[in-house]
Amino acid sequence: MTAPTIAGPIPNEPQAVASELVGEVFTNALPSEDPVLYGRANIEPKGGFEARSAQTFRLTYTVGRHGMDDTGSLRVVIRSVGDWGRLQTTDPKAPNYVTATASNGAGLSVTYAPRGGQRPRNKALTVMVTRGCLREGDTITVVFGDTSGGSPGTFVQTFCETGFEFKVLADVCATGHYVPIQSSPSISVIPGPPSVWRAVLPTLRRPGESFQLGIKAEDSWGNPSDQASANLRLRASIPVENLPETMDYREGTRAMTFEDLAVSAPGTLEIRVEDETGKLLAETNPLIIREGTMGGYWADLHGQSGESIGIGASRDYFNFARNMSFLDAASHQANDFQVNNAFWAYINELTAEFHQDHRFVTFPGYEWSGNTAVGGDRNVFFREEGRQIRRSSHALLPDRSDIHTDAPNAAKLFEALADEDVVIFAHVGGRYADINFAHDGRLEHSMELHSAWGSFEWLIEDCFELGHRVGVVCNSDGHKGRPGASYPGASQFGAYGGLTCYLANELTRDGIFDALRRRHHFGTTGNRLHLEVHAEFAGGADLFDRDPAVFETSSTRVNKVMMGDIARTTDKSVTLKVDARSASSIERIEIRNGKEVLQTVRGHDESTLGARVRVLWSGAEYRGRGRETNWVGEARFQGAKIKSIGKVNAWNHERKLEQVGDDRVAFDAITTGNFGGFDVWLEETANARLEIESNLVNETVPLADIGFEDTTFDAGALRRQIRAFRLPETLDSREMSVSVPVDLKPDADNPLWVCVTTEDGFQAWSSPIYVIG
């Protein structure tokens, strides 16, 4: 029996940040200046501090030989993607209050600007000398989280980092030119106590095919905790080779992976994880074991680390994906205009090192980060290492000796990569992809419909209108060093990161690339479920090997095709068959033809409805960077009493979503194309009604009118709306099999796909089957 893989604790003492690990060769940073001339900085206390705890730090800057002139200043910058508490200088009783004093009594002003620095450290606290000057040896002491006036302190970021850096820059000559000083101080951000246990399996394997079981305990912000301990009992629903019955999960462990497991016969595997008393700690998602040509392999191919705009080192990024998110595949996608040649070479070294056929597949790649005006964000994945990076620009790269290799717009990118063994996604990040500007079906096979930035069904709908045949992927686009388990924290990200399941003949680069090019995959908003979609033809169909619109290709006569396939038929209709199996109950499955929802199938009917009402808000402001929609208000159940409340997709614990009194729910939420909301279980009276008073929707509806179908209140912009509907008191529909006849549009593409929504707020989208009528 193979010993489990153990992911150990984060050190309490801060480790070298990425720029120091590589001598800043990867980060394109300005060189640090001599501390004798420009000063030095220290911070107290040092060590490790729990994520999102309230702390007080004293950063002391000692002036160097140059001194600091009148109106000279000190600047402390932190990364823009982090969610450290928003610093402020006006309310000494409020969190994150900052003060500064000079040892010689010189006057100081303190200002904070969230975009006062340069990428990747946009958040800037500036301390300016306003009266007098400072000489060598004088000090400026900056107190982050000054509690002297009643502030609770400053809130540490929600995610772990071995080297959170207070990057210090100095403008000693009052010229407006800030130079970094050597050895800016740093701390370690460590996980909190365990809040929830997780147990993760893949979702589809063949008899005898190896797989892994991953177990971890997460703190309240989704960090794998190193404070959990238990004598685990592993209870499998069917026999599993190499799975121990017990395991000692010791304090200091952040995750545990049981390798080389296998099931010899077809069946459905679920594993209960219990403590020594029999208490259930976690239960896995179902793993389907069956004969066939394909397995289901889970990946997060889109995220980045601290060498660009993210957090942490790229080596830690791949380690997290493999050993703490329990993924089958991963890639790294740094913004190209921050990727110098040394870092590109290093990423290629890492993908080659971490890649292991049949266990963990990696791809070298990068994010082509052109502005929307020239095509918008794309993800580029090479099958092999050592290929030429084609950047959108050298915007943050001092060395421009290879600028001639750039591809300054998306059309040029496709042209430059035409002969490469490469796959491209389009996605929505800071810069959204404009498919109308450029698309090449020979290379760009998929659209990313969900990430930590939100949900974007409109991206593939643009493709439908333009006649492009593409698949659906979802990834995290994570910036916090947690690929595959990317919680949004308390910053601008409004959604949990996505995942994609690749239905491939083997877990190799060839297998995953083949699945990508055939669109044999589906994406989710972060859960792992089993999903199959097939179309059956009474009169048969021609299944194309590749898209006939862009390739010369052959076809095979068939009676059945799967998600992602392209087929032509003379049949007037097809039968669409869907099989979904989930760890949580399935709330609904939408059957779609392109942009049209043909039918909504639920695992319950009207007779099972009770006094449980679900209220959801969703949508965005527009497609661009400032898409976040804030929902602030109350839902009052006039004439009813709330017995209990349950939250849906309430990822940010610091935003209000709570019961107020007997009949109200107050909310302050954010959506970025995705949805959130709540359930209430009610005691109702005959004339009870729902009253919504908010910044975007103000409506009243009798509770008796809220039933099986959605009651929808439109709020304009980009699909903003509030929906209300009833559910059974409890749902028990973890498996749903659906067979739906679908009439085909003649002489046109019929993109047949489904959207699955689970009770706990996750969604999954199948890649469309493109039926040419």
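The rules we used
- Residues numbered from 1 in each chain as written.
- Predicted model: local features only at pLDDT ≥ 70, side-chain atom pairs only at ≥ 80, totals over all residues.
- Heavy atoms only, no water.
- Pairing = 2+ DSSP bridges.
- Helix = DSSP H or I, 4+ residues; strand = E, 2+ residues; numbered from the N terminus.
- Axes fitted to C-alpha atoms, helices over the stretch in contact; angles between N-to-C directions.
- 1 Å grid on protein atoms, 1.4 Å probe; cavity = no way out; pocket = protein on both sides within 12 Å on 5 of 7 lines; lining within 4 Å.
- Points joined across faces, edges and corners; volume = space filled by probe spheres on them.
- Nonpolar A, V, L, I, M, F, W, Y, C, P; charged D, E, K, R; others polar.
- Contact = heavy atoms within 4.5 Å.
- Polar contact = N/O pair within 3.5 Å; in protein donor to acceptor, adjacent residues only side chain to side chain.
- Expected span 1.5 Å × (residues − 1).
- Buried < 20%, exposed > 50% of the residue type's maximum accessible area, 1.4 Å probe, protein only.
- Arc of directions from axis to C-beta.

Peer 1: What am I meant to see in the sheet that holds strand β49 (residues 689-694) here?
Peer 2: Adjacent strands of a sheet pair through backbone hydrogen bonds, lying either parallel or antiparallel. Pairing is antiparallel across the open sheet formed by five strands, whose spatial order is β46-β47-β44-β49-β50. One side of each edge strand has no neighbouring strand; the edge strands of this open sheet are β46 (657-660) and β50 (698-702). Strand after strand, the sheet turns through a mean of 15 degrees between neighbouring axes, direction not considered. Of the strand pairs in this sheet, strand β44 (residues 629-638) and β49 are connected by six bridges, and their pairing is antiparallel. Looking at β49, one finds that Arg636 is bridged to Glu691.

Peer 1: For this particular structure, what's the right way to read the layout of surface pockets?
Peer 2: Once rolled over the atoms, a probe with the size of a water molecule shows which space is left empty. Volume-wise, the largest pocket comes out at about 1200 Å³. Broken down by secondary-structure element, the contributors of at least two residues to the lining of the largest pocket are β16 (196-200), β18 (211-218), β24 (280-283), β43 (609-620), β45 (641-648) and β48 (675-683). No other element matches the five residues that β16 contributes to the lining of the largest pocket. Broken down by class, the residue content of the lining of the largest pocket amounts to 21 nonpolar, 16 polar and 13 charged. Roughly 930 Å³ of internal volume is contained in the second largest pocket. What lines the second largest pocket is a set of 35 residues, among which Ser80, Val81, Lys123, Ser491 and Gln492 lie closest to the centre. Each residue belonging to the lining of the second largest pocket can be placed in one class, and the counts come to seven nonpolar, 13 polar and 15 charged.

Peer 1: How should the environment of Glu448 be read in this particular structure?
Peer 2: Relative to the assigned elements, Glu448 resides in strand β32 (residues 444-451). Separated by 92 residues in sequence, Glu448 and Gln356 place their C-alpha atoms 25 Å apart. The residues touching Glu448, leaving out its near neighbours within four places in the chain, are His302, Asn379, Ala426, His427, Phe456, Leu459, Val473, Cys474 and Asn475. Side-chain polar atoms of Glu448 contact the side chain of Asn475, separated by 3.0 Å.

Peer 1: Is there a simple way to think about helix α4 (residues 341-354) in this case?
Peer 2: In an α-helix there are 3.6 residues to a turn, and that puts residues three or four apart on one side. The terminal C-alpha atoms of α4, which comprises 14 residues, lie 20 Å apart, in line with the 20 Å expected from a rise of 1.5 Å per residue. Within the span of α4, buried status applies to Phe343, Trp344, Ile347, Asn348, Leu350, Thr351 and Phe354. Seen end-on, α4 carries its buried residues on one side only, within an arc spanning 160 degrees. Where α4 is buried, its residues touch α3 (314-323), β28 (361-363), β29 (365-368), β30 (378-382) and α7 (509-518).

Peer 1: Mind showing me how you'd approach the pairing of strand β54 (residues 749-758) here?
Peer 2: Looking down a regular strand, the side chains alternate between one sheet face and the other. The buried fraction of β54 is high, at nine of ten residues. Of the strand pairs in this sheet, strand β41 (residues 586-593) and β54 are connected by seven bridges, and their pairing is antiparallel. Within β54, the residue paired with Arg592 across the bridge is Trp753. The sheet contact formed by β54 and strand β56 (residues 769-772) spans four bridges and is antiparallel. Residue Pro751 lies in a different strand from β56, and its bridge partner there is Tyr770. Two strands pair when backbone bridges link them, and β54 and strand β55 (residues 763-766) are joined in this way by three bridges, in the antiparallel orientation.

Peer 1: Explain the sheet that holds strand β15 (residues 186-190) to me, please; I cannot follow it from the model alone.
Peer 2: The strand order across the open sheet formed by three strands is β3-β15-β12, and the pairing between neighbours is mixed. Edge positions in the sheet fall to β3 (48-50) and β12 (161-165), since each has one partner strand and no second. Each strand axis lies, on average, 40 degrees off the axis of its neighbour in the sheet, ignoring direction.

Peer 1: Would you take a moment to explain helix α6 (residues 457-466) for this structure?
Peer 2: Extensive coverage of α6 is indicated by the burial of eight of its ten residues. Three or more residues of α6 are buried, namely Glu457, Trp458, Leu459, Ile460, Glu461, Asp462, Cys463 and Phe464.

Peer 1: I would appreciate a short explanation of the side chain of Ser225 in the present structure.
Peer 2: With respect to the element layout, Ser225 can be found in the loop between β18 and β19 (230-236). What makes Ser225 buried here is its relative accessible area of 0%.

Peer 1: Is there a simple way to explain unusual backbone geometry in this structure?
Peer 2: Glycine aside, residues mostly have negative phi, and peptide bonds are mostly found in the trans state. The peptide bond linking Glu44 to Pro45 adopts the cis configuration, its omega dihedral lying at -5 degrees. Position of Pro45 among the secondary structure elements: in the loop between β2 (40-44) and β3. Backbone torsion omega between Arg119 and Pro120 reads 10 degrees, so that peptide bond is classified as cis. By the element assignment, Pro120 lies in the loop between β8 (107-113) and β9 (123-131). Although it is not a glycine, Arg52 sits at a positive phi angle of roughly 65 degrees. Looking at the element boundaries, Arg52 is found in the loop between β3 and β4 (54-55). For Arg52, a relative accessible area of 12% corresponds to the buried category. Of note in this structure, Ala174 is not a glycine but carries a positive phi near 60 degrees.

Function cannot be inferred from these measures alone, as they are strictly geometric.
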